[in-house]
Amino acid sequence: MKYRTLGPDLTVSALGLGCMPMAGVGKDMYGVATESESIATIHRAIDLGVTLFDTAEVYGPHLNEELVGRAIKGRRDGLVIATKFGFKIGGGGVTATDSSPANVRAACEGSLKRLGIETIDLFYQHRVDPAVPIEETVGAMADLVAEGKVRYLGLSEAGVDTLRRAAAVHPIAALQSEYSLWERDVEAEILPVARELGIGFVPYSPLGRGFLTGQITRREDLPEGDYRLNDPRYSADNFAQNLKLVDVVRAIADGHGASPAQVAIAWLLAQGTDIVPIPGSKRRLTLEDSMKAADVTLTAGDLAALDAAAPRGVTAGPRYGEKALAMTRL
């Protein structure tokens, strides 16, 4: 495994593991997940040299953090455990955003307990809360750093003004936002500002929620109840158009003896050494495939072909439904 640096000095594996698809995140969200295989996947990732593991209190809610906690017990040393806060959770689900200082602290305490650790390595605000000035939220997060309960701070899906205001309060090590061959809008302003401020970039959904793996050739391939059946980019109107990109990715993959997933992730890695994708896996097989992307070197011709096939804004359909989209890049 190769390693990279987020922010000024947070060293992590060049690829992290997104734990959201594992057990405890809604029934069959990305197909069925089992606890035993999920834990085996985390253990295999550690064996492969992965150090960055990403979860959130809202995944489950709470169940995903508990699963990660069980998986890392006895293997905590050297790992960078990242989790996220930012919602009111009640009745088994999310009721609203909440990044008030009181909830920042309560969420941290809850995450520490569920994960079974003494310090959260990377603590993200999951979504910007329009009702709470970012200065108040980051100030509360900074207090947790001073107390030793958190090592580094991060934001997720924040806009450029929020990034600037947050960084003026306390150094921000990482911005986690969606970024992939089929979602490149961050390249216009957000990624440049993050770089200006010395903030590392952690792309989630680097495989377009599985689309860029090339394994889903029809909407009918998705099991009943799968979250993606409601994803605008997987809709009947947009699916065929978006599949054209996968054909290009597959052709380049064939030339390297690689999988389409490896090419899609390798493309992200080629966008800068400050980028650390976190492909999600719930099975060892897909984990091992994704991690091999760190060893795939795309040629200038490959990168040009991918840029031509996937220019910014060409993907058919919005990346989220209206309600979820309204919570991003604030």
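Structure: see above.
Okay, so let's go over this structure.

Thoughts on the overall build of the chain
- In terms of helices and strands, the chain carries 11 helices and 11 strands.
- Considering only C-alpha atoms, the chain reaches an extent of 50 × 40 × 35 Å along its principal axes.
- Scored against the burial criterion, the 330 residues of the chain give a buried share of 57%.
- Considering only contacts in the chain between residues 6 or more positions apart, those separated by 24 or more positions represent 75%.
- Accessible surface computed for the chain: about 13200 Å², of which carbon and sulfur atoms make up 52%.

A look at the environment of Thr217
- Mapped onto the secondary structure, Thr217 falls in the loop between strand E11 (200-204) and helix H7 (239-256).
- Setting aside residues no more than four positions away along its own chain, Thr217 makes contact with Phe239 and Leu243.

Digging into the packing of aromatic side chains
- Inspection of the entire model under this criterion finds 8 aromatic pairs.
- Seen from their ring centres, Phe211 and Tyr234 are 5.2 Å apart, and the 75° between their planes marks the pair as edge-to-face. Taken together, the residues Phe211 in the loop between E11 and H7 and Tyr234 in the loop between E11 and H7 connect sequence positions 23 residues apart. Each member of the pair, Phe211 as well as Tyr234, is classed as buried.
- Each member of the aromatic cluster is reached from another via a ring pair, and the members are Trp182, Phe211, Tyr234 and Phe239.

Concerning the packing of helix H3 (residues 101-115) against helix H4 (residues 134-146)
- At a minimum axis distance of 8 Å, the contact between H3 and H4 shows a crossing angle of 35°. Crossing handedness for the pair H3 and H4: right-handed. Between H3, through Pro101, Val104, Arg105 and Cys108, and H4, the contact on the second element is made entirely by Glu136, Thr137, Ala140, Met141, Asp143 and Leu144.
- Of the residues in the contact of H3 with H4, the class split is 6 nonpolar, 1 polar and 3 charged.

Side note on helix H5 (residues 160-169)
- Three or more residues of H5 are buried, namely Thr162, Leu163 and Ala166. For H5, the arc enclosing every buried residue in end-on projection is 100°, short of the 170-degree limit, so these residues lie on one face.
- The inward-facing, buried residues of H5 abut H4, strand E9 (150-156), strand E10 (174-178) and helix H6 (190-196).

Quick look at the nonpolar core
- Leu17, Ile42, Phe53 and Leu181 are the most contacted members of the largest nonpolar core, which has 81 residues in total.
- Ranked by residues supplied to this core, first place goes to helix H8 (residues 260-269) with 8 residues.
- Those residues in contact with Ile42, other than ones at most four positions away along the chain, are Leu17, Cys19, Met22, Phe53, Leu67, Val68, Ala71 and Ile72.
- Within the second largest apolar cluster, 16 residues are counted, among which are Val12, Ala82, Tyr124 and Ala174.

Concerning the pattern of salt bridges
- Tallied over the full model, the rule gives 30 salt bridges.
- Across the pair Lys84 and Asp54 runs a salt bridge, and its minimum N-O distance is 2.6 Å. Note that Lys84 is positioned in strand E5 (residues 80-85) and Asp54 in strand E4 (residues 52-54), a separation of 30 residues in sequence.
- When its relative accessible area of 1% is taken as the criterion, Lys84 is described as buried.

About the thresholds
- Residues numbered from 1 in each chain as written.
- Predicted model: local features only at pLDDT ≥ 70, side-chain atom pairs only at ≥ 80, totals over all residues.
- Heavy atoms only, no water.
- Helix = DSSP H or I, 4+ residues; strand = E, 2+ residues; numbered from the N terminus.
- Buried < 20%, exposed > 50% of the residue type's maximum accessible area, 1.4 Å probe, protein only.
- Contact = heavy atoms within 4.5 Å.
- Areas by Shrake-Rupley, 256 points an atom, 1.4 Å probe, with all protein chains shown as cover.
- Phe/Tyr/Trp six-rings, centres within 6.5 Å; stacked < 30°, edge-to-face > 60°.
- Axes fitted to C-alpha atoms, helices over the stretch in contact; angles between N-to-C directions.
- Left-handed = near helix turned anticlockwise from the far one by under 90°.
- Nonpolar A, V, L, I, M, F, W, Y, C, P; charged D, E, K, R; others polar.
- Arc of directions from axis to C-beta.
- Core = buried A, V, L, I, M, F, W, Y, C linked by side-chain atoms within 4.5 Å.
- Salt bridge = Lys/Arg side-chain N within 4 Å of Asp/Glu carboxyl O.

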